[in-house]
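Now for the letters of each chain:
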Amino acid sequence: MPDNLNGGGISAQFRAKEPPFRVVKRAELPLEKLILFYVISVLVAVVIGGLFIALNGVNPFLYFKEVFSGCFRSGVAFRGLVRIIVPLLMVSLGVILAFKMRYWNIGAEGQLIMGAVFATWASRAFPGLPTPIMLIVMAVAGIIGGGIWGLITAFFKCRFNTNETLFTLMLNYVAFYIVDYLRNGPWQADPGFPGIGRLAANSRLPQIFRLDISWIVAIVLVFFIYIYLKYTKQGYEIAVVGDSISTARYAGMNVNRIMQRTMFLSAGICGLAGMLKVSGVVSNYTLDTGIASGVGFTAISVAWLAKLNPFGVFVVSFLFGVLEKGCSVAESTFHLSAAITQILQGLILFTILGSDFFIRYKLQLTRGGRKLNEHNN
Amino acid sequence: MTETVNAKGSVPDVAIELKGITKKFGTVVANNNIDLSVRRGEILALLGENGSGKTTLMNMLSGIYRPDSGSVFIDGKRVVINSPEDAKKLGIGMIHQHFKLVEVLTAADNIVMGAEERGVFLTRKRFEKTREICKKYGLNVDMEKYVYNMSVSEKQSLEIAKVLYYGAKILILDEPTAVLTPQETKHLFEILRSMRDQGCAIIIITHKLNEVLEISDRVTILRKGESVATVETRNTNANELTELMVGRKVSLAIERPKVKVGANLLHVHHLTIENSDGIEVIKNVSFDLNEGEILGVAGIAGSGQKELCEAIAGLHPIKKGAILYKDENIERRTPRELINLGISMSFIPEDRLGMGLAASLDITDNMMLKNYARGKSPFVDRKTAGETAKRIVKSLDIVTPSINTPVRRLSGGNVQKVLLGREIDASPKVLITAYPVRGLDINSSYTIYNLLNTQKQNGAGVLFIGEDLDVMLELCDRIMVLCHGRVSGIVKASEVTKEQLGLMMTRLSESEVEKNAG
């Protein structure tokens, strides 16, 4: 009966086909090795980016030297770097709360804007307050403004199972045009010219080391989020909901409440970042449509590269800040296009995400097909 | 090649032979130097505890994994199987535990889908061609029926027809009887015998010793990744097989300790439940659960067991009727209130993880899943949870690198022990457990049975939703049989036979049921 299976054809057909490499699962890597892998992948990105820069006729070594010195050569340069990092760091910390819950909040941009809008409103509504109280009121307003912008999406998701990715994304545009409306309408400072006036002196952040205090808020927040996610009951609930909603329900958790609360918090932090930005030097104390300037989207990359770890977020935001500040300096030095920065960021994202494969698997040489032949003959 | 006994001319007698197969995952050795052979026209049973490497070994034969070392011979010729495609070409067909079928296609389409037929259009001919295969091996599948309309047993027959259509001469079945009724199992075995008689080589993986003894010609036993013995089925018995598998003598009798039945715990009163599609899956079901008893629930998979469990745990709305816990209606209670009342539910779904555990969290974090919210502190108490984790890992022999290992990295059996361990550790008043030994090996299963008996002796009421009727007959005090969502009888386990239960599960007539129930 099995006459179609005899004969040597089968083995001849298969013995030569063994590929030269085999993908083998690795044992869990220790932390030092993991970090080494990430460092290597950043270096790979720098090398590829360097080749690209060389193609543009610029010596890559000089370019990267300029990137570095553009950030660290002087106090002014370094302060410029910090001003870029702070909003990115805060918004990234905000989105990891949502991402841990597998809630795809890509609306940080709009949440930041709404935080800034509410803070500006508070500043205009209570003009006579002394600075410390004013700033607290504005911070609360910012958190509420951003928080509501996030809560809306969670409310509809819980009630009608709407898609939060689309919802949060679309609200970005709504927030953007609210600012556009305000600067052309009710809050217009000079007739005929779109723009909202600078905040009053009592609504501006005090300075430490000639930097406004937002960097202190950001660093405190790193520890706060770390502890919140790792050690609190609410953080635990986020982890369980993110793992499996049915398990969370089974454990007696009120999934809707957790989802709405977490989203309010996530978006509220983005809103706080907006408030700090609008009352800081970086925005010239002015609310405008460019207040978020893409931070909400960059934060998504930062959060993932950092594997949703708050300390990782700190490191990655710093790296992204260096790239952005340093590259903008290097661009003008060498008369290169501004797109180069984005290409470099993309490359780093690509190599780090790609390195994940090598962290989990290794390639192993197989014995190859030739040896098998000998064995059979 | 060694023993190429040419019984039929040039065709060697041994269809498939494995020599010195080793496979490692990271630092874990799943298979270590395994030898195995199957002759043409033979059914080989592969026996072993959870994590002994059965599935890994078979996955290498079907091209899903590749061995680190060792060789595979088919018809005496050495081959390298790099992909499922290679396995298919070599005539190896695997029937997985979880069916790999497209629900919205007909039976015939599921078969021809992977057969790389010529031509652009699907023609009527595919129905005839696929029917021929079924006829040849006595498979009973309607080729024009859609898969979503099929019963589990039909789907399984279709899976078999599929691999036979591709020309499989070596068939591997991974726990094929886990989801079948006794009658369906009987039918499956007839098909397997007919295939064997036509010259196929069959490897069957199962935990059920009685089935091994009934269907197989030879048995190969794996223990901790090594092949410890191969025996002729007719020369062995259940006790010897268990001893080979576990490595020491194990008593196979399940105890049913006599406990004085206490007060009523749970009274389910004319309960009707709809599933998420709005179809009534539990219809007018009434039963009582008392302190100190194990009430078994038997029924074909998907007879509303899941919804029943969830309704009692407060996770699924009730359409009609009521559930009383100690004479109090619990319909409006939240799941957390029910947990605090002492109602515990552990449902082991097919994928073993779905509900009850958070797969990416570690064992410690999973221990506090149900009681993390206790106390006023805003912080979780990981210290107590860690102690619970250590205690359970030790008492249930859970194989894990540490209590900080994510649950998803554990093997299926160990995942289950984590879940059940946690539920039992909370010493609930009502313990609902569905499929607690699903896919577990003998040793672990007996550990679970003992734990359930301990709960019963401590005065808890246990609702045991099971699939192995032999076990239920020995373990349970009473058995409620569900059929199409209705109760077809509640019987004393000591006064009923397996065949009667099987009939009640598929229900003949009302009178029959009453006779059985009486």
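All figures in this text were calculated on a predicted structure; none of them were measured in a lab.

Thoughts on the overall build of chain B
For step 1, the next point in the chain: In terms of regular secondary structure, chain B is built from 17 helices and 20 strands.
For step 2, the next point in the chain: Against the compact-globule benchmark of 24 Å for 518 residues, chain B has a radius of gyration of 24 Å, which places it among compact chains.
For step 3, the next point in the chain: Expressed along its principal axes, the backbone C-alpha trace of chain B runs to roughly 75 × 50 × 50 Å.
For step 4, the next point in the chain: Taken across its 518 residues, chain B has 48% of its residues classed as buried.
For step 5, the next point in the chain: Taking as baseline every contact in chain B between residues at least 6 positions apart, the subset at least 24 positions apart corresponds to 68%.

Some points on the overall build of chain A
For step 1, the next point in the chain: Of regular secondary structure, chain A possesses 15 helices and 6 strands.
For step 2, the next point in the chain: Here chain A holds 377 residues, and 41% of them are scored as buried.
For step 3, the next point in the chain: Here the contacts in chain A between residues at least 6 apart in sequence split such that 78% fall between residues at least 24 apart.

Section: the packing of helix 5 (residues 108-125) of chain A against helix 12 (residues 295-305) of chain A
Residue and element names in this part refer to chain A.
For step 1, the next point in the chain: Interaxial distance between helix 5 and helix 12 falls to 7 Å at its minimum, and their mutual angle equals 130 degrees. Judged on the interaxial angle alone, helix 12 and helix 5 are oblique. Crossing of helix 5 against helix 12: the hand is right-handed. Contacts between helix 5 and helix 12 pair Ala 108, Glu 109 and Leu 112 from the former with Val 295, Gly 296, Phe 297 and Ala 299 from the latter.
For step 2, the next point in the chain: Tallied by class, residues from the contact of helix 5 with helix 12 come to 5 nonpolar, 1 polar and 1 charged.

Concerning the nonpolar core
For step 1, the next point in the chain: Counting residues in each nonpolar core, the largest one holds 239 residues, and the members touching the most others are Met 90 and Val 91 of chain A together with Ile 202 and Phe 464 of chain B.
For step 2, the next point in the chain: With 14 residues, the top contributor of residues to this core is helix 4 (residues 75-100) of chain A.
For step 3, the next point in the chain: The contact partners of Ile 202 of chain B, leaving out residues within four places of it in the chain, are Ile 43, Leu 44, Leu 171, Leu 192, Met 195 and Arg 196 of chain B.

A few points about the sheet that holds strand 12 (residues 280-290) of chain B
Residue and element names in this part refer to chain B.
For step 1, the next point in the chain: With antiparallel pairing, the 4 strands of this open sheet are ordered in space as 12-11-14-15. Each edge of the open sheet carries a strand with a single partner, namely strand 12 and strand 15 (328-329).
For step 2, the next point in the chain: Here 2 bridges tie strand 14 (residues 320-325) to strand 15, and the two strands are oriented antiparallel to one another. Bridge pairing in strand 15 places Leu 324 opposite Asn 329.
For step 3, the next point in the chain: Sitting on the sheet, helix 9 (residues 305-312) touches strand 11 (264-274), strand 12 and strand 14, and the angle it makes with strand 11 is about 125 degrees.

Side note on the domain arrangement of chain B
Residues and elements named next belong to chain B.
For step 1, the next point in the chain: Assigned domains within chain B: domain 1 (14-246) and domain 2 (264-517).
For step 2, the next point in the chain: On a C-alpha basis, the centroid separation for the pair domain 1 and domain 2 is 31 Å.
For step 3, the next point in the chain: The interface of domain 1 with domain 2 comprises 16 residues on the first partner and 20 residues on the second.
For step 4, the next point in the chain: Elements supplying a minimum of two residues to the side of domain 1 that touches domain 2: helix 6 (182-197) and helix 8 (238-246).
For step 5, the next point in the chain: Among the elements that line the side of domain 1 that touches domain 2, the one with the most residues is helix 8, at 3 residues.
For step 6, the next point in the chain: Across the side of domain 1 that touches domain 2, the residue classes break down as 6 nonpolar, 8 polar and 2 charged.

Re the environment of Ile 92 of chain B
Residues and elements named next belong to chain B.
For step 1, the next point in the chain: Of note, Ile 92 is situated in strand 6 (residues 92-95).
For step 2, the next point in the chain: Residues Ile 92 and Ala 168, spaced 76 residues apart in sequence, show a C-alpha to C-alpha distance of 5.2 Å.
For step 3, the next point in the chain: Setting aside residues no more than four positions away along its own chain, Ile 92 makes contact with Leu 61, Ser 62, Ala 87, Ala 168 and Ile 170.

Quick notes on helix 4 (residues 125-137) of chain B
All names here are of chain B.
For step 1, the next point in the chain: Every buried residue belonging to helix 4 is among Thr 130, Ile 133 and Cys 134, and all of these are buried. Down the axis of helix 4, the smallest arc covering the buried residues is 95 degrees, so these residues share one side. Exposed residues lying more than 90 degrees from the buried face of helix 4 are Lys 125, Glu 128, Glu 132 and Lys 135.
For step 2, the next point in the chain: If you follow the buried residues of helix 4, they end up packed against helix 3 (107-113) and helix 5 (152-165).

Things to note about the pairing of strand 3 (residues 193-196) of chain A
Each regular strand displays side chains that alternate between the two surfaces of the sheet.
All names here are of chain A.
For step 1, the next point in the chain: The pairing of strand 2 (residues 188-190) with strand 3 spans 2 bridges and is classified as antiparallel. What sits directly across from Gln 188, in strand 3, is Ile 196.
For step 2, the next point in the chain: Hairpin geometry of strand 2 and strand 3 is characterised by an intervening segment of 2 residues between the two adjacent antiparallel strands and by a positive phi of about 85 degrees at Gly 192.

Quick word on the domain arrangement of chain A
Residue and element names in this part refer to chain A.
For step 1, the next point in the chain: Entries for chain A in the domain assignment read domain 1 (29-58 + 336-369) and domain 2 (85-335).
For step 2, the next point in the chain: Computed from C-alpha atoms alone, the centre-to-centre distance between domain 1 and domain 2 is 30 Å.
For step 3, the next point in the chain: Along the lines of polarity and charge, the residues of the side of domain 1 that touches domain 2 split into 7 nonpolar, 2 polar and no charged.

Digging into unusual backbone geometry
For step 1, the next point in the chain: Positioned with a positive phi, His 335 of chain A is a non-glycine residue whose angle comes to about 55 degrees.
For step 2, the next point in the chain: Here His 335 of chain A is to be found in the loop between helix 13 (310-334) and helix 14 (339-360).

Points about the sheet that holds strand 2 (residues 28-39) of chain B
Residues and elements named next belong to chain B.
For step 1, the next point in the chain: Pairing is antiparallel in the open sheet, where 4 strands are placed in the order 2-1-4-5. Bordering the open sheet on either side are strand 2 and strand 5 (77-79), each of which pairs with just one other strand. Between one strand axis and the next, the sheet turns through 25 degrees on average, direction left out of account.
For step 2, the next point in the chain: Where strand 1 (residues 14-25) lies against strand 2, 8 bridges are found, and the strand directions are antiparallel. Residue pairing across strands places Lys 23 opposite Asn 31, the latter belonging to strand 2.

Section: the environment of Ser 301 of chain A
All names here are of chain A.
For step 1, the next point in the chain: Mapped onto the elements of the fold, Ser 301 is located in helix 12.
For step 2, the next point in the chain: By C-beta crowding, Ser 301 is classed as partly exposed, having 18 other C-beta atoms within 10 Å.
For step 3, the next point in the chain: Considered as a pair, Ser 301 and Ser 92 are 209 residues apart in the sequence and their alpha carbons are 8.6 Å apart.

Examining the environment of Gly 489 of chain B
For step 1, the next point in the chain: Its location among the elements puts Gly 489 of chain B in strand 20 (residues 486-492).
For step 2, the next point in the chain: Expressed as a C-alpha distance, the spacing of Gly 489 of chain B and Leu 501 of chain B, which sit 12 residues apart in the sequence, is 9.2 Å.

Some thoughts on the packing of helix 3 (residues 60-72) of chain A against helix 4 of chain A
Residues and elements named next belong to chain A.
For step 1, the next point in the chain: Across the interface, helix 3 lies against helix 4 with an axial gap of 5 Å and an inter-helix angle of 90 degrees. If you check the angle between helix 3 and helix 4, you find them roughly perpendicular. Listed contacts from helix 4 to Gly 70, Cys 71 and Phe 72 of helix 3 are Ala 77, Phe 78 and Leu 81.

Let's talk about the pairing of strand 11 of chain B
All names here are of chain B.
For step 1, the next point in the chain: Looking at chain direction, strand 11 and strand 12 are connected through 7 bridges and run antiparallel. Across the sheet, Leu 271 pairs through a bridge with Val 285, a residue of strand 12.
For step 2, the next point in the chain: Taken together, strand 11 and the strand that follows it, strand 12, pair antiparallel across an intervening segment of 5 residues, in which Gly 278 is found at a positive phi of about 85 degrees.
For step 3, the next point in the chain: As paired strands, strand 11 and strand 14 are joined by 5 bridges and run antiparallel to one another.

Regarding the confidence of the model for chain A
For step 1, the next point in the chain: Residues at a pLDDT of 70 or more form 89% of chain A, whose mean pLDDT is 85.
For step 2, the next point in the chain: For the stretch residues 368-377 of chain A, pLDDT sits under 50, and the model shows 14 contacts to residues farther than four places along the chain or on other chains.

A look at the confidence of the model for chain B
Residue and element names in this part refer to chain B.
For step 1, the next point in the chain: Mean pLDDT over chain B stands at 82; residues scoring 70 or higher make up 92%.
For step 2, the next point in the chain: Segment residues 1-10: pLDDT under 50, and 9 contacts once partners within four positions in sequence are set aside and those in other chains are kept.
For step 3, the next point in the chain: Across residues 508-513 the pLDDT falls below 50, and counting only partners more than four positions away or on other chains, this stretch makes 6 contacts in the model.
For step 4, the next point in the chain: Overall fold confidence (pTM) sits at 0.76, and the ipTM for the predicted complex is 0.77.

Cut-offs and rules
Residues numbered from 1 in each chain as written. Chains lettered and ligands numbered in written order. Predicted model: local features only at pLDDT ≥ 70, side-chain atom pairs only at ≥ 80, totals over all residues. Helix = DSSP H or I, 4+ residues; strand = E, 2+ residues; numbered from the N terminus. Rg over C-alpha atoms; globule rule 2.2 N^0.38 Å. Buried ≥ 20, exposed ≤ 12 C-beta atoms within 10 Å, placed from the backbone. Contact = placed C-beta atoms within 7 Å. Axes fitted to C-alpha atoms, helices over the stretch in contact; angles between N-to-C directions. Parallel < 35°, antiparallel > 145°, perpendicular 65-115°, else oblique. Left-handed = near helix turned anticlockwise from the far one by under 90°. Nonpolar A, V, L, I, M, F, W, Y, C, P; charged D, E, K, R; others polar. Core = buried A, V, L, I, M, F, W, Y, C linked by C-beta atoms within 7 Å. Pairing = 2+ DSSP bridges. Domains from an automatic or database assignment. Arc of directions from axis to C-beta. pLDDT = per-residue confidence, 0-100.

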